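Chain by chain, the residues:
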Amino acid sequence: MKNSKKVTDQVRRSDVEIHEIGIVESVRKFIVLASGIPSCVNGQIVDFENGSRGVVMGFKEDYVQILVISMGGEIRNGDKIYNRAEPLSLPVGEGFLGRIVSGICEPVDEMGPIQKDAQFPVFFEAPGIMDRSPVEKTLETGTVALDAGIPIGLGQRQLLIGDRLTGKTTVAIDAILNQKHTGVICIYCCIGKPYASLLRVVQILNEGGAMPYTIIVSGISPAPVAEQYLAPYAAAMLGEYFMQLGRDVLVVFDDLSKHAWVYRQISLLLERAPGREAYPGDIFYSHSQLVERAGYLKPELKGGSMTFLPIIEILQGDVTGYISTNLISMTDGQVYFNSGLFNKGIRPAVDFGLSVSRIGSKAQWPAMREVSKSLRIEYLHYQELLQMSQIRTSGLSKEAEARLKRGAALTAVLNQDRHAPQIVEGEIFILYALNKGLLDPLTVEQIKKFKAEFFKFVSSSAPELIQSLRKEKKLTQEMRVQIEQMLQNYFSKAQP
Ligand code: ATP
Ligand code: MG
């Protein structure tokens, strides 16, 4: 190395041996160029003389490029820099549950220090193919449109994609709220969003009683760039701790398009040649390394799982951008939020035509699969028919009219208020009633009332039906008879 002022004497600082001492050659914003630490590798941590810390991001001719992750004071040219040959690792543990931490796992909620159980590498390598099991359990999202139409399995990576303000965060937060009774640990990672957005999410999770099983990783936009960049990796790392203990984990990344912007900003300062849409060429690698970390471990490795819901924001419905096509190709499916549907009042504004779940239906409860098998196609047919009927108002066949009625009932079933996740058994009962045609004659208001009341009605009059459905996960002949009986009782009593 040219300009190298390498010091070979080994100095001891804290508990880890220092391999090399280098020199800061230049500082530009949060990027430092240093020499004299020739043996360091990418993703490794280095310490500055003034107590600041940095992570190695790359190499340039004679220099090492370092991203400063925590500031211990001003860094100046000529400062010493210590290489201990340690990968970047951060604390993890049970103590993080219920807390809000920064992208470098430091508490930001003023609730005091966090007791760590272990120290994990941030850029952890994803589990290999031999360590994984096929996806076999369902993630109960509590959103009927997803559970019935675009099912997600534990260990799956499902992209939530759509324009601004189309309800992406709401669906992800509802999935977190719905894990209250499932034992799934949740991590919400906020990247590049304003403080107010994070505050809103924290408030909803607090009100919904979700914080005891949730960790919030905050890489909000006023935070240092390094923290925004590291936030999703830290969130995955916090999840890995629980996954390795055999727990199920759900991680929401809100959102990765902002993460790509942050990475672009860092790369431009690193003087890397910009590629497509000015993003650095290795953004695909960077995101795929992240999403690969989701999965379902085999029973010998305690059978834990990590499910990822990355969110991507697009412009005017265009899914062909660089970052969105990358993520579509590296996930197991996507839920597409359509701003047109959202503006028409359809909530959640899920577009079944462009949404897909490639593996989730294998993990769906057989009962849910049975009641929802023709739901997507029926809904799409209904929308076509609806458009046609708006052009031609008279002379519709009886069959078309019946289909319009069924479609309207289906729309009312799929429409759901925010932050009111539904239990799977309840969703199955409602879809059962829909398939039997019992909802066709009802108005939207009546269907709404039925959705709100019927599960409570069954749990008070036949709780054993709910228990056996949860246990068996499929509809037996006796259950069918019982559900029909319940529906009959409900409609004879409750409906005007
Ligand atoms: P952004 O692009 O800002 O991240 P987003 O796509 O994440 O937006 P949300 O913030 O989830 O969208 O939702 C936008 C607005 O629509 C919010 O005010 C939210 O409360 C409302 N909203 C979303 N889903 C529903 C729903 N099912 N019922 C009622 N309101 C909803
Ligand atoms: Mg959002």
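Residues numbered from 1 in each chain as written. Chains lettered and ligands numbered in written order. Predicted model: local features only at pLDDT ≥ 70, side-chain atom pairs only at ≥ 80, totals over all residues. Heavy atoms only, no water.

### Side note on the sheet that holds strand β8 (residues 80-87)
Operational definition: Paired strands, in this sense, are two strands between which DSSP finds at least two bridges. Secondary structure counts use DSSP, requiring at least four H or I residues in a row for a helix and at least two E residues in a row for a strand, with both numbered from the N terminus. Axis geometry follows a simple rule: fit a line to the C-alpha atoms, using only the stretch in contact for helices, then measure angles between N-to-C directions, giving values from 0 to 180 degrees. By definition in these notes, contact holds between two residues if any of their heavy atoms fall within 4.5 Å.
Read around the closed barrel, 6 strands run β3-β4-β7-β6-β5-β8, paired in antiparallel fashion. Ignoring strand direction, the axes of neighbouring strands in this sheet form an average angle of 45°. For strand β4 (residues 31-35) and strand β7 (residues 63-70), the ladder comprises 4 bridges, and the chain directions are antiparallel. For L33, the partnering residue across the bridge sits in β7 and is Q65. Across the sheet, helix α4 (residues 225-244) lies against β6 (53-60) and β7, angled at about 90° from β7, the strand it touches most.

### A closer look at unusual backbone geometry
Note the threshold: Accessibility here uses a 1.4 Å probe with only protein chains present; expressed as a share of the type maximum, an area under 20% marks a residue as buried, one over 50% as exposed, and anything in between as partly exposed.
A cis amide bond, omega -5°, links D254 with the succeeding residue D255. Among the secondary structure elements, D255 is positioned in the loop between β15 (248-254) and α5 (256-269). Note the cis peptide between R347 and P348, where omega equals -5°. For E271, which is not a glycine, the phi torsion comes out positive at approximately 60°. Here E271 shows up in the loop between α5 and α6 (283-291). The residue A278 is not glycine, and still its phi comes out positive at about 65°. By the secondary structure assignment, A278 is in the loop between α5 and α6. On the basis of relative accessibility, which here comes to 32%, the residue A278 falls in the partly exposed class.

### With respect to the nonpolar core
To keep it simple, the criterion reads: Put simply, a nonpolar core is a bunch of buried Ala, Val, Leu, Ile, Met, Phe, Trp, Tyr and Cys residues held in one set by side-chain atoms that sit within 4.5 Å of each other.
Counting 81 residues, the largest nonpolar core has I176 and L439 as its most contacted members. Looking at which element gives the most residues to this core, the answer is helix α13 (residues 424-435), with 8 residues. When sequence neighbours within four positions are dropped, the list of residues in contact with I176 reads C186, Y188, L205, A210, Y213, T214, L250 and V252. Counting 66 residues, the second largest nonpolar core, distinct from the first, contains V55, L230, Y233 and L327.

### Quick notes on the layout of surface pockets
Rules: In the cavity and pocket records, a cavity denotes points on a 1 Å grid over the protein atoms alone where a 1.4 Å probe fits but cannot get out, a pocket denotes an open set with protein on both sides within 12 Å along at least 5 of 7 lines, and lining residues are residues with an atom within 4 Å of a point. Grid points are joined across faces, edges and corners, and a volume is the space filled by probe spheres set on the points. Here the term charged refers only to Asp, Glu, Lys and Arg, the term nonpolar to Ala, Val, Leu, Ile, Met, Phe, Trp, Tyr, Cys and Pro, and the term polar to all other amino acids, Gly among them.
Approximately 870 Å³ is the volume found for the largest pocket. Contributing to the lining of the largest pocket are 30 residues, with L165, G167, T169, T170 and R200 lying nearest its centre. Counting residues per element, the ones that place at least two in the lining of the largest pocket are α2 (168-177) and α3 (195-207). Of all the elements, α2 adds the most residues to the lining of the largest pocket, at 6 residues. Partitioned by chemical class, the residues of the lining of the largest pocket number 10 nonpolar, 8 polar and 12 charged.

### As for the site of ligand 1
Applied cut-off: For this purpose, a residue is taken to be near a molecule or strand whenever a single non-hydrogen atom of the residue falls within 4 Å of it. What qualifies as a polar contact is a pair of N or O atoms within 3.5 Å, subject to a donor-acceptor requirement within protein and to the restriction that residues adjacent in sequence count only when both atoms come from side chains. Under the convention used here, a 1.4 Å probe and the Shrake-Rupley method define accessible areas, while residue burial counts only the protein chains that appear. For this analysis, a molecule is said to be in a pocket or cavity if more than half of its atoms are within 2 Å of the grid points defining it.
Among the 14 residues in the neighbourhood of ligand 1, the closest are listed as K168, T169, T170, Q416 and R418. Side-chain polar atom of K168 to an oxygen atom of ligand 1: 2.7 Å apart, as the coordinates give it. Note that an oxygen atom of ligand 1 is positioned 3.0 Å from one of the side-chain N or O atoms of K193. Protein chains shield 78% of the accessible area of ligand 1, which is 630 Å² for the free molecule. Among the detected pockets, ligand 1 sits in the largest pocket. The leading source of residues in the shell around ligand 1 is α2, at 3 residues. Looking at the shell around ligand 1 residue by residue, the classes come out as 2 nonpolar, 5 polar and 7 charged.

### Structural notes on the packing of α13 against helix α14 (residues 444-461)
Our working definition: When the near helix sits turned anticlockwise from the far one by under a right angle, the crossing is termed left-handed; a clockwise turn instead gives a right-handed crossing.
Interhelical geometry of α13 versus α14 gives an angle of 115° and a closest axis separation of 10 Å. Note on packing geometry: the crossing formed by α13 with α14 is right-handed. In contact with E425, G426, F429, I430 and A433 of α13, α14 contributes F450, K451, F454, F455 and V458. Tallied by class, the residues present in the contact of α13 with α14 amount to 7 nonpolar, 1 polar and 2 charged.

### Description of the confidence of the model for the chain
Counted only if it meets this: Note on scores: pLDDT gives the predictor's confidence for each residue, bounded by 0 and 100.
For the chain, per-residue confidence averages 92 on the pLDDT scale, and 96% of positions sit at 70 or higher. Predicted confidence for residues 1-14 stays below pLDDT 50, and this span has 34 contacts to residues more than four positions away or in other chains.

### Section: the pattern of salt bridges
Filter applied, for reference: Salt bridges, as used here, are contacts in which a Lys or Arg side-chain nitrogen is within 4 Å of a carboxyl oxygen on Asp or Glu.
Tallied over the full model, the rule gives 18 salt bridges. Of the charged contacts in the structure, one is a salt bridge between D440 and R406, with a shortest N-O distance of 3.0 Å. Taken together, the residues D440 in the loop between α13 and α14 and R406 in helix α12 (residues 398-414) connect sequence positions 34 residues apart. Relative accessible area serves as the criterion here: at 19%, R406 is assigned to the buried category.

### A closer look at empty space enclosed by the protein
Scanning all chains against the criterion turns up 2 cavities of 30 Å³ or more. Of the pockets and cavities examined, the largest cavity occupies roughly 60 Å³. Around the largest cavity sit T138, L139, D147, Q364, W365, M368, V424 and E427, which together line it. Class assignment for the residues of the lining of the largest cavity results in 4 nonpolar, 2 polar and 2 charged.

### A closer look at the pairing of strand β14 (residues 214-219)
With 6 of 6 residues buried, β14 is to be regarded as a mostly interior element. In β14, alternate side chains face the same way, and those of T214, I216 and S218 on one face and I215, V217 and G219 on the other are all buried. Pairing analysis gives 3 bridges linking strand β10 (residues 100-102) to β14, with the strands arranged parallel. Each bridged residue has a counterpart across the sheet, and for V101 the counterpart in β14 is V217. Here strand β13 (residues 185-191) pairs with β14 via 6 bridges, running parallel. Looking at β14, one finds that C186 is bridged to T214.

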